[in-house]
2 protein chains.
Amino acid sequence: MSKWYIKNGKESDVVASVRVRLARNLKGYPFPNKMTLEQKCEVIQKVSDAILNGNSAISGDFKFIDMDKISRIEAYSMVERHLISPDFAENGQGRALLLLNDESVSIMINEEDHIRIQVMAAGLDFEAAYDIANKIDVLLESNMQFAFDENLGYLTECPTNLGTGMRASAMLHIPALEAAGAVGQLSNTISKIGLTMRGTYGEGSKIKCAMYQVSNQVTLGISETAAIENLQGIIKQIMERERQTRLSIDHDNLEDTVYRAYGVLKSARLMSGNEFFDLVSQLRLGVGMGIIDTVAMETVNELILKCQPASLQNTAGGPLDADTRDKLRARIVRETLA
Amino acid sequence: MSKWYIKNGKESDVVASVRVRLARNLKGYPFPNKMTLEQKCEVIQKVSDAILNGNSAISGDFKFIDMDKISRIEAYSMVERHLISPDFAENGQGRALLLLNDESVSIMINEEDHIRIQVMAAGLDFEAAYDIANKIDVLLESNMQFAFDENLGYLTECPTNLGTGMRASAMLHIPALEAAGAVGQLSNTISKIGLTMRGTYGEGSKIKCAMYQVSNQVTLGISETAAIENLQGIIKQIMERERQTRLSIDHDNLEDTVYRAYGVLKSARLMSGNEFFDLVSQLRLGVGMGIIDTVAMETVNELILKCQPASLQNTAGGPLDADTRDKLRARIVRETLA
């Protein structure tokens, strides 16, 4: 079954993907950080029974992963694919993951909350992602009782998730705004209207790949649909600003830059992660603008996921030193773009 | 007729080409810097008659070029192809060139001496170059009387050419020795045994393309054959040192460097002359070492000649500003390597 990210999405020149996450907890159990291992196992049992043995059409497409039984490399490669949180990868005991074969849906059991339903979709498609998240939510709720308060809504371990328990986010590729130095101010503006923007790869001034995640922060006193609509409205504005800024770049230089990046990606025999992110960002820009038409956007998105450290080591089947990783990264890049 | 440099030569991984030049003057005429225009025209007439109307098998393959009738761009593109000297390109009046169709033989008339026979050959093939130069010399001498002294040999305007009037040189590509910082000392050693070594492209610390010309300096008291043998012996030593040094470079890094250079050459849309020389030197190294086997050495040699400023403008049919030149250079490189 091909993965969700090998699909072309709407507005994919700027919006790489969206994600909708719902936090849910079972009534009658403390939050995971206060649970005994026995209680954790009970929750795992209930949730996985509901999904795997339910009447849903997709039940058979889920696999159950005991987080205590997989390698650190495999777990961290799932972090890199945004399927689980770093904390969930770090401490596996009493934790399980239900993962849809195409990796568009992952259900973390006993992370910060009992249940974290996460749905990803390529491009700007919150409708699709929310629709699936909602269906899974309904399926689970028909099998168990969620901790819910008439006034507060869904109860969650962290108060910032109270209410809808929903966090929606979009992964935006905004190299032109970044190059124009516009990201800082954009981030400030966005934070004033209840949204958050942060770099996806790298930290602080070392943001790589010009990928930024924009997400809603407000979960209380607003419906899921309204929260997504707000978020989507802002994303569309950022998208248009990015596109305008792209068009203002000198075309000859832009063409030269993206083709050079493409050329080096197709040719290099050794490539660090930092260089990879810089080059693949340029390639993505070239593909998004139609300058390079021999590479599909899905291929670029797939490449970004495949070439991170843990995913590389997972592909290799074991730990690799940095030099060997750089060699393998270069090879995978060449083969993917060949 | 395809050009001489689109041929593969012996030892071409290190030796790009060789050149043999004979300086001759006609008896009964002053040297060119003291001649009247009328006398110059007489010399042009005599020499070109001998070549163009001679019984030689190659007479029909020569063309006559009045240096006063060609554009500066065309003249300088011939300097870049080593067919004529910069001074010969600069001042055309009373000067003519006889050029073999494949450009392996050029005969400058009224440069510093009345006649400068120049023969080039791909790779380390002094025998071929000297043989042709000698045949042309014999052909000319059968039609006119050269200024010759029993003791001094052929008389030339500059005393450094007295005797054989021969200057033999080889164009060596020695990127590994250059990177190892060994060129300076090599050049010193060579100068002590009557040879000269100098960068072909760029000057001083800005030598480009790692191409160095090694030539004999002694023309008096030594036969042509002995001079060539001396030179060839030293060239073979340099060649072996270069090859050894190449093998001592870390293979992974080397492979990465040459493939990156190849990738950028095939991809860039804008390319300065300096960058071109750096990259093409790496490409040449990769081809010479068999790391890159999809590009022929002849193609690399041709590329180096085609991509210099005057040759680019000659191809374009007129003067170009630097930006347009960089764009055209990038296009020609891509098309040549496609």
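Treat the numbers as computed from the prediction; the structure is a model and nothing was measured.

Quick look at the pattern of salt bridges now. Residues and elements named next belong to chain A. Overall, the coordinates contain 44 salt bridges over all chains when judged by the stated rule. The partner of E90 in a salt bridge is R72, and the shortest N-O contact between them spans 2.8 Å. Linking E90 in helix α3 (residues 86–90) with R72 in helix α2 (residues 72–80), this pair joins segments that are 18 residues apart in sequence. Exposure remark for E90: the relative accessible area of 39% places this residue in the partly exposed category. The residue D256 makes a salt bridge to R260 at a minimum N-O spacing of 3.0 Å. Taken together, the residues span about one helical turn, with D256 and R260 both in helix α8 (residues 251–267) at a distance of four residues. By relative accessible area, which is 9% here, D256 ends up buried.

Residues and elements named next belong to chain A. Partitioning chain A into structural domains gives domain 1 (4–245) and domain 2 (251–337). Domain 1 and domain 2 are separated by 26 Å when their C-alpha centres are compared. At the junction of the two partners, domain 1 supplies 23 residues and domain 2 supplies 22 residues. Taking both partners together, domain 1 and domain 2 bury about 2000 Å²; carbon and sulfur atoms supply 64% of that area. The tally of links between domain 1 and domain 2 comes to one salt bridge. Put simply, D278 and K208 hold a salt bridge, and the shortest N to O gap is 3.7 Å.

Per the stated rule, a full pass over the model turns up eight aromatic pairs over all chains. Aromatic side chains A:W4 and A:Y5 sit 5.6 Å apart centroid to centroid with 85° between the ring planes, which places their arrangement in the edge-to-face category. A relative accessible area of 8% means that A:W4 is categorised as buried. Ring geometry for B:F276 against B:F277: centres 5.6 Å apart, planes inclined by 55°, an arrangement best described as tilted. The burial state of B:F276 is the same as that of B:F277; both residues are buried. Through a chain of ring-to-ring contacts, three or more aromatic side chains come together here, namely A:F146, A:F148 and A:Y154.

With that settled, consider the interface of chain B and chain A. Counting from both sides, the interface comprises 15 residues of chain B and, opposite them, 15 residues of chain A. Summing the contributions of chain B and of chain A, the shared interface buries around 1400 Å²; its carbon and sulfur component is 52%. Connecting chain B to chain A are ten residue pairs in polar contact (both at pLDDT 80 or more). Each residue belonging to the side of chain B that touches chain A can be placed in one class, and the counts come to five nonpolar, three polar and seven charged.

Residues and elements named next belong to chain A. Its place among the elements puts T245 in helix α7 (residues 224–247). Residue class for T245 comes out buried when judged on its relative accessible area of 18%. When residues no more than four places from it in sequence are discounted, the contact partners of T245 are A176, L177 and A180.

Once that is clear, we can look at the environment of B:A133. Residues and elements named next belong to chain B. Tracing the sequence through the fold places A133 in helix α4 (residues 126–141). Overall, A133 belongs to the buried group, its relative accessible area being 0%. For the pair formed by A133 and V20, sequence separation is 113 residues and the distance between their alpha carbons is 6.9 Å. A133 has contacts with V20, L22, I117 and V119, leaving out every residue within four places of it along the chain.

Glancing now at unusual backbone geometry. Even without glycine at this site, A:H82 takes up a positive phi of about 65°. Take A:H82: it is sitting in the loop between α2 and α3. Judged by its relative accessible area of 19%, A:H82 falls in the buried class. Although it is not a glycine, B:E11 adopts a positive phi angle of roughly 55°. In this fold, B:E11 is placed in the segment before β1 (15–24). The exposure class of B:E11 is partly exposed, given its relative accessible area of 31%.

To continue, consider the relation of the copies chain B and chain A. Screw-axis analysis of chain B against chain A gives a translation of 0.1 Å along the axis, an RMSD of 0.0 Å, and a rotation angle of 180°. Taken together, the rotation and translation relating the two chain copies correspond to the operation of a two-fold axis. Of every C-alpha in chain B, the one belonging to B:G263 sits nearest the axis of rotation, 2.2 Å from it. In this assembly, 100% of the residues forming the interface of chain B have copies in chain A that are likewise at the interface, indicating an isologous arrangement.

Quick notes on the rules
Residues numbered from 1 in each chain as written. Chains lettered and ligands numbered in written order. Predicted model: local features only at pLDDT ≥ 70, side-chain atom pairs only at ≥ 80, totals over all residues. Heavy atoms only, no water. Salt bridge = Lys/Arg side-chain N within 4 Å of Asp/Glu carboxyl O. Helix = DSSP H or I, 4+ residues; strand = E, 2+ residues; numbered from the N terminus. Buried < 20%, exposed > 50% of the residue type's maximum accessible area, 1.4 Å probe, protein only. Domains from an automatic or database assignment. Contact = heavy atoms within 4.5 Å. Buried area = accessible area lost by both parts, 1.4 Å probe. Phe/Tyr/Trp six-rings, centres within 6.5 Å; stacked < 30°, edge-to-face > 60°. Polar contact = N/O pair within 3.5 Å; in protein donor to acceptor, adjacent residues only side chain to side chain. Nonpolar A, V, L, I, M, F, W, Y, C, P; charged D, E, K, R; others polar. Least-squares fit on C-alpha atoms with pLDDT ≥ 70 in both.

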